[in-house]
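Summary of structural features
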Amino acid sequence: MTGHDITPSETPGSAPMDVLVIVPTYNEAQTLPGTLARLRAAVPAAQVLVVDDGSPDGTADLAAELGRRDDHIHLMRRTAKEGLGPAYRAGFRWGLERGAGLLVEMDADASHRPEQLPRLLTAAGPLDQDGPELVIGSRYVPGGDVHDWSRRRELLSRGANLYVRLLTGLPVADSTAGFRAYRAALLERLLEQDVASQGYCFQIDMTRRARRAGARIVEVPIDFDERTEGASKMTGRIVREALVDVAVWGVQDRSRQLRESLRRRRGRSIR
């Protein structure tokens, strides 16, 4: 497998990979080289797929050059900015086609410390043994932390996760987290569904679907660092999408739980 530019339709190579780290990018030319250098040092055996959404700042060309120097770095060029969810779905499919056993999400701006990736891999356990199917790097479990955020932004993030827990019943402290690892078998099941969420709402949707699929989910503490270069991708539209979608999911989930409870009660009364 080489580090050349690829497309989603390219014929898969034959070399399997244990761990694939998927890094979505849009205008990350300033941050990507340092992040990839730290990642390659932290977990040298991992393969890396940069999924670029047509960055006008030359991020894809930079990733291609890094891939020519390092056969563990690969690039998927996409022609338009479609959002976090479609980028990850494309990356997941690419990795599954090539036999990846554990697929990791990680930001390009090093807000997720690459040096802490081994925590997620350790929690996931050996791929030839049973283990958690989704490992989330969490800011909000004991030992987790955020750095260089304003009080307002931290309250907004914590409030968003509380909102998700209250409306959906998800027993996860940090369902919006973007540093996470999926076992391949779980992703294959989830990608059979119509996961249409965009932006950061994608993380909540995938967590919710993983729980509905009966997946074992664990959280490990991480440090989240505010980016020092480039621009944040968080927008008002993304926040509004999350508020509306979570409310809809909450109604759907509570309705389903009520129907299941009624069916169980009827079953007991018949017996």
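Just above sits the structure.
These numbers come from a predicted model, not from an experiment.

Turning to its location among the elements, Gly 95 is positioned in helix α3 (residues 84–97). When the C-alpha positions of Gly 95 and Val 19 are compared, they lie 9.2 Å apart, and in sequence the two are 76 residues distant. Those residues within four positions of Gly 95 in sequence are excluded, and the remaining contacts are Leu 20, Ala 100 and Leu 103.

Attention shifts here to helix α6 (residues 184–191). Restricting attention to buried positions, one finds in α6 the residues Ala 184, Leu 186, Leu 187, Leu 190 and Leu 191. End-on view of α6: buried residues confined to an arc of 155 degrees, all on one side of the axis.

Let us look at the pairing of strand β2 (residues 19–25). In terms of burial, β2 is largely enclosed, as seven of its seven residues are buried. Burial of the side chains of β2 extends over both faces: Val 19, Val 21, Val 23 and Thr 25 are buried on one face and Leu 20, Ile 22 and Pro 24 on the other. Pairing between β2 and strand β5 (residues 102–105): four bridges, direction parallel. Paired with Val 19 across the bridge in β5 is Leu 102. A crossover connection joins β2 to the parallel strand β3 (residues 47–53) through helix α1 (residues 32–42); in handedness this β-α-β unit is right-handed.

For the structure on display, the rule yields four aromatic pairs. Between the aromatic rings of Tyr 88 and Phe 202, the centroid separation amounts to 6.1 Å while the plane-to-plane angle is 15 degrees, which identifies the pairing as stacked. Within this pair, whereas Tyr 88 is found in helix α3, its partner Phe 202 is found in helix α7 (residues 201–212), the two being separated by 114 residues in sequence. A relative accessible area of 0% places Tyr 88 in the buried class. Judged by centre distance (5.7 Å) and plane angle (70 degrees), the ring pair of Phe 92 and Tyr 182 falls under edge-to-face. Highlighted residues: Phe 92 in helix α3 and Tyr 182 in strand β8 (residues 180–183), separated in sequence by 90 residues. The same class applies to Phe 92 as to Tyr 182, namely buried. One aromatic cluster in this structure is built from Tyr 88, Phe 92, Tyr 182 and Phe 202. Lying over the aromatic face of Phe 224, Arg 139 brings its terminal NZ or CZ to 5.3 Å of the ring centre.

Criteria and cut-off values
- Residues numbered from 1 in each chain as written.
- Predicted model: local features only at pLDDT ≥ 70, side-chain atom pairs only at ≥ 80, totals over all residues.
- Heavy atoms only, no water.
- Helix = DSSP H or I, 4+ residues; strand = E, 2+ residues; numbered from the N terminus.
- Contact = heavy atoms within 4.5 Å.
- Buried < 20%, exposed > 50% of the residue type's maximum accessible area, 1.4 Å probe, protein only.
- Arc of directions from axis to C-beta.
- Pairing = 2+ DSSP bridges.
- Right-handed = clockwise from strand over helix to strand, strands pointing away.
- Phe/Tyr/Trp six-rings, centres within 6.5 Å; stacked < 30°, edge-to-face > 60°.
- Lys NZ or Arg CZ within 6 Å of the ring centre and 35° of its normal.

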